[in-house]
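Spelled out from the first residue to the last, the chains are:
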Amino acid sequence: MADTLKRLNLILDTITDGILVVDLQGIVLYANQAAEQLLERPAIVGQSLAIPITNSSSVPQDINLIRPSGFAWAEMRSAPLDWEGAKAYVIGLRDISARKEAEIALQQSETLFQTLAKLAPVGIFKTDACGKYEYVNRRWCDISGLDAAAALGDGWTDSIAVEDRARVLAEWDRSAQTQIPFYSQYRFQHRNGPLHWVVGRAEAEYDGNHHLLGFIGTITDISEIKRNEEHLRLAAAVFETTREGVMITNANREIQRVNRAFSEITGYSQFEALNRTSDLLRSGRHPDEFYRAMWDEINQTGHWQGEIWNRRKNGELYPELLSISTVKDHAGEICNYVGVFADISILKASEQELEFLAHHDPLTKLPNRMLLISRLQHSISQAQRQDSQLAVIMIDLDRFKDVNDSFGHLAGDDLLQMVAARLTARLRAADTVCRLGGDEFVVLLEDMAHPETAARIATDIIATINESWQLSNGNEVRVGASIGIALYPEHGSAPAELLQHADTALYQAKNEGRNCFKYFSEELTRAARERIGIEFRLRQAIEKKEFRVFYQPQLEISTGEIVGAEALIRWQTAGGELIPPLKFIPIAEDTGLITSIGNWVLKESCRQGKEWLDAGFPPIRIAVNLSTHQFLHSDICAIVEDTLAETGFPAEYLELELTESALMKRENEAIDILNRLHELGIHLAIDDFGTGYSSLAYLKSFPLDVLKIDKSFIDDIPMQSNDMEITATIIAMAKTLRMQVIAEGVETPAQMAFLSSRNCDFYQGYFASKPLAADEFAAFLKQHVPETVY
């Protein structure tokens, strides 16, 4: 028995697990060497052991042992045992401290991983050995736009931008198969937003035996970096491709960088300019005060812009438009200056050219009207101070049109240039030769001693221009010159006045046979005397009964019936001379005689109308024109009323025609007069509609019955579509306002057809009849047979 126990002890001491036997009070009855070593208690038998013991514990328990050297972990199993007739327990202890520490470390590592994954600014993912996703963190989901569940397996590929997907999958498959690190830049298409650029990285993970466990990787959102790269790329492209020179210096104004345009403009390469100061380009044209003021403004405001002269590498000076701005660091200190400049040499040349063209004729390079007026005003001021004379000589080339027509406008231009050159050569340097336009030139002669000087120079000019001209095309031509002369101060004291009088004199010279000169003098007096003579004869014409009233029929378009006549004045002198209205009516209006003449026409028309009625002619409406002066400056209502009473002509057959200008001069007064005339039963018409204001607003305001379309719109129907459209619009507008429409000046069947198609009411014109004397009109009334062709 003793041998058996000895052998048993020997066996138990060789076991690495601790074996204990304890009684019910926890007193150790037996312990092998492994138990004593594990508990660090070499003589443990007989000592109390604080270990939780159950009746039977086949399931191992992990317990924490308190030892002198510290805590230890053990796996415990226990079972009841009959020990020398008493109840006891056998306990097995296995040291698991190393395993437990590894588990705790793993758990801590896992916790740390989860925390880091949660807080990480990058997306984190983990895959299995086949490259299938097993885990993604929250940031990965934010970047990709997928939730965690959707990303697992191959689901993560769904959010890769379509354009990048094939490439990224190929790269991923290659990494999964070869286990080389994965690196790629691609885009995720976020389901609720724009594209996100990312850089993806992953490396293989192995176990202790170098067996592949999977891949662990990250994705980093580089969208902002990509945007910045694009901005930098564009900035670099702009920097290098802009046509403006760019120069960047440090705070000491030492050049740090220049662009290509800088080198092209200045001639300095970047290598030659680097570390040189900006004074490299100084022209020496500006004083030091200019530069001090410029840099003071830059340092105070952070910016300066202006024009400056600089010097190229070859020494050439050039103007540039320069803008300098400061760049400050985070501390607010200036760290750089940026200068951007453009070579404005061409612009300056263009400005000078435009300035020249604004004041000179582009063909002959002579001063134009604008510069002439400026110099003429200056010369007049100088002549006033010096009590001297000057002359304006206006020249018009005779037969110049023949040159243009025969040889073309280029030949004409050639001739004008030669004339300009020859005039300039023949005159003094102090004289101004100008081209007004076309074939008209002006010479300004200053500081003349005698008025005859202008005549002498004019004679010389005529002789010069009368010489033969050899054109560049080989043809020889001859032209002449007509000249008008106006003197200061005899003929005017202002530039416009002198030019006008010189022009008047020029046309007098043309009228007297051309190739001569004329002063502005008695000729206008003769014209004035002629005007006074007409005025005097006008006053006598009424007394001598030299005026006649002609009548032009007005017909209804739809029936061809004569419905009225317009009364038109004619002046036939006792000697049989027929003076046209256009010659005497304006004078009558200017002198006020138009009122008495108009009143006579009104009275004579009403008398004649009553005579026709008494003779049994069917009643027609007689239209009488009222002048503006007659309408607004006399009591026209009383005059009309007295005339109707005196002649016995019914008011309903009288129509008064007024022009748009007469109505618009005093609108409110005109409305009152028209209303009073309307109350008399008189018809009111607006004459020459479309040539004045032609406003729908005033048509609505005036009590008008008839609208007359001016002859100028009828003349070109149907050749001009614009006139047809205007006429149709006037008719439609009049119909809307319940007005009748008369078309004036109708002469052709085509015009009649168009007016009929547009429902025009009446017409007058040579298509029906010219204006007729009273007896001729009466005969026309008797013979007329209505035609309803239209």
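Above this text sits the structure in question.
Residues numbered from 1 in each chain as written. Predicted model: local features only at pLDDT ≥ 70, side-chain atom pairs only at ≥ 80, totals over all residues. Heavy atoms only, no water.

Some points on the overall build of the protein
Inference 1: Scanning the protein from terminus to terminus reveals 28 helices and 31 strands.
Inference 2: By residue count, 43% of the 790 residues in the protein fall in the buried class.
Inference 3: Contacts in the protein between residues at least 24 apart in sequence constitute 55% of all its contacts with a sequence separation of at least 6.
Inference 4: When the accessible surface of the protein is totalled, it reaches about 41600 Å², and 53% of it is carbon and sulfur.
Inference 5: If the 76 positive side-chain charges of the protein are averaged to one point and the 112 negative ones to another, these points end up 3 Å apart. (Helix = DSSP H or I, 4+ residues; strand = E, 2+ residues; numbered from the N terminus. Buried < 20%, exposed > 50% of the residue type's maximum accessible area, 1.4 Å probe, protein only. Contact = heavy atoms within 4.5 Å. Areas by Shrake-Rupley, 256 points an atom, 1.4 Å probe, with all protein chains shown as cover. Lys, Arg positive; Asp, Glu negative; His and termini not counted. Charge placed at Lys NZ, Arg CZ, Asp CG, Glu CD.)

Observations regarding the environment of proline 619
Inference 1: The residue proline 619 is located in the loop between helix H19 (593-614) and strand E26 (621-625) in this model.
Inference 2: Residue classification places proline 619 among the partly exposed residues on the basis of a relative accessible area of 43%.
Inference 3: Residues proline 619 and tryptophan 140, spaced 479 residues apart in sequence, show a C-alpha to C-alpha distance of 103 Å.
Inference 4: For proline 619, the residues in contact, after removing those within four places along its chain, are Leu613 and Tyr653.

Details of the sheet that holds strand E8 (residues 182-189)
Hydrogen bonding along the main chain pairs the strands of a sheet, whether they run parallel or antiparallel.
Inference 1: If you walk across this open sheet you meet the 5 strands as E7-E6-E10-E9-E8, and the pairing is antiparallel. The open sheet has two free edges, formed respectively by strand E7 (133-136) and E8, since each of these has just one partner strand. Pairs of neighbouring strands in the sheet enclose a mean axial angle of 25°, with direction left out of account.
Inference 2: Looking at chain direction, E8 and strand E9 (residues 195-206) are connected through 8 bridges and run antiparallel. When the bridges of E9 are listed, tyrosine 186 appears paired with valine 198.
Inference 3: Where helix H6 (residues 162-178) meets the sheet, it contacts strand E6 (123-127), E7, E8, E9 and strand E10 (212-221), and its direction lies at approximately 150° from that of E8.
Inference 4: Against the sheet, helix H7 (residues 223-241) engages E8, E9 and E10, with an angle of about 125° to E9. (Pairing = 2+ DSSP bridges. Axes fitted to C-alpha atoms, helices over the stretch in contact; angles between N-to-C directions.)

Structural notes on the packing of aromatic side chains
Inference 1: Evaluated as defined, the whole model comprises 24 aromatic pairs.
Inference 2: Geometrically, the ring pair formed by phenylalanine 649 and tyrosine 653 is tilted, given 6.4 Å between the ring centres and 50° between the ring planes.
Inference 3: On the basis of relative accessible area, phenylalanine 649 is assigned to the buried category, the value being 4%.
Inference 4: Joined through ring pairs, the aromatic side chains of Phe125, Tyr133, Trp140, Trp156, Trp172, Phe182, Tyr186, Phe188 and Phe215 make up one cluster.
Inference 5: Above the ring of tryptophan 73, the side-chain terminus of lysine 100 is found at 4.9 Å from the ring centroid. (Phe/Tyr/Trp six-rings, centres within 6.5 Å; stacked < 30°, edge-to-face > 60°. Lys NZ or Arg CZ within 6 Å of the ring centre and 35° of its normal.)

Digging into the sheet that holds strand E12 (residues 255-258)
Inference 1: One open sheet accounts for 5 strands, arranged E12-E11-E15-E14-E13; its pairing is antiparallel. The sheet is open, and its two edges are formed by E12 and strand E13 (303-311), each paired on a single side. Strand-to-strand twist of the sheet, defined as the mean angle between neighbouring strand axes without regard to direction, takes the value 25°.
Inference 2: Pairing between strand E14 (residues 317-328) and strand E15 (residues 334-343): 9 bridges, direction antiparallel. For isoleucine 324, the partnering residue across the bridge sits in E15 and is glycine 339.
Inference 3: Sheet strands touched by H7: strand E11 (245-250) and E12. Its angle to E12, the strand with the most contacts, is close to 90°.

Details of the environment of isoleucine 597
Inference 1: Mapped onto the fold, isoleucine 597 is located in helix H19.
Inference 2: Ignoring any residue separated from it by four or fewer positions in sequence, one finds isoleucine 597 in contact with Leu538, Ile542, Phe547, Ile569 and Ala588.

Quick word on the environment of arginine 174
Inference 1: Positionally, arginine 174 belongs in helix H6.
Inference 2: For the pair arginine 174 and alanine 237, spaced 63 residues apart in sequence, the C-alpha separation works out to 37 Å.

Looking at the pairing of strand E28 (residues 683-689)
Inference 1: Burial runs high along E28: 5 of the 7 residues are buried.
Inference 2: Relative to E28, strand E27 (residues 654-659) runs parallel, the two sharing 5 bridges. Across the sheet, threonine 659 pairs through a bridge with aspartate 687, a residue of E28.
Inference 3: Across 3 bridges, E28 lies against strand E29 (residues 706-709) in parallel orientation. Within E29, the residue paired with alanine 685 across the bridge is valine 706.

Some points on the pairing of E26
Inference 1: Note that strand E24 (residues 562-572) and E26 share 4 bridges and pair parallel. By the bridge assignment for E26, glycine 564 is matched with arginine 621.
Inference 2: Here E26 runs beside E27; their pairing, made up of 4 bridges, is parallel. Among the inter-strand pairings, isoleucine 622 is bridged to a residue of E27, identified as leucine 654.

Considerations on the layout of surface pockets
Once rolled over the atoms, a probe with the size of a water molecule shows which space is left empty.
Inference 1: Its boundaries defined by the atoms lining it, the largest pocket holds a volume of some 1100 Å³.
Inference 2: For the largest pocket, the lining is made up of 36 residues, of which Glu566, Leu568, Pro581, Asn625 and Asp687 are closest to its centre.
Inference 3: Contributions of two or more residues to the lining of the largest pocket are made by E24, helix H18 (581-591), H19, E26, helix H20 (628-632), E27 and E28.
Inference 4: Looking at the lining of the largest pocket, the element that brings in the most residues is E24, giving 5 residues.
Inference 5: Grouping the amino acids of the lining of the largest pocket by side-chain chemistry returns 15 nonpolar, 11 polar and 10 charged. (1 Å grid on protein atoms, 1.4 Å probe; cavity = no way out; pocket = protein on both sides within 12 Å on 5 of 7 lines; lining within 4 Å. Points joined across faces, edges and corners; volume = space filled by probe spheres on them. Nonpolar A, V, L, I, M, F, W, Y, C, P; charged D, E, K, R; others polar.)

Details of the state of the cysteines
Inference 1: Across all of its chains, the model carries 0 disulfides by this definition.
Inference 2: Cysteine 637 supplies the cysteine sulfur nearest to cysteine 606, a cysteine that is in no disulfide, at a spacing of 14 Å.
Inference 3: Exposure remark for cysteine 606: the relative accessible area of 1% places this residue in the buried category. (Disulfide = S-S within 2.5 Å.)

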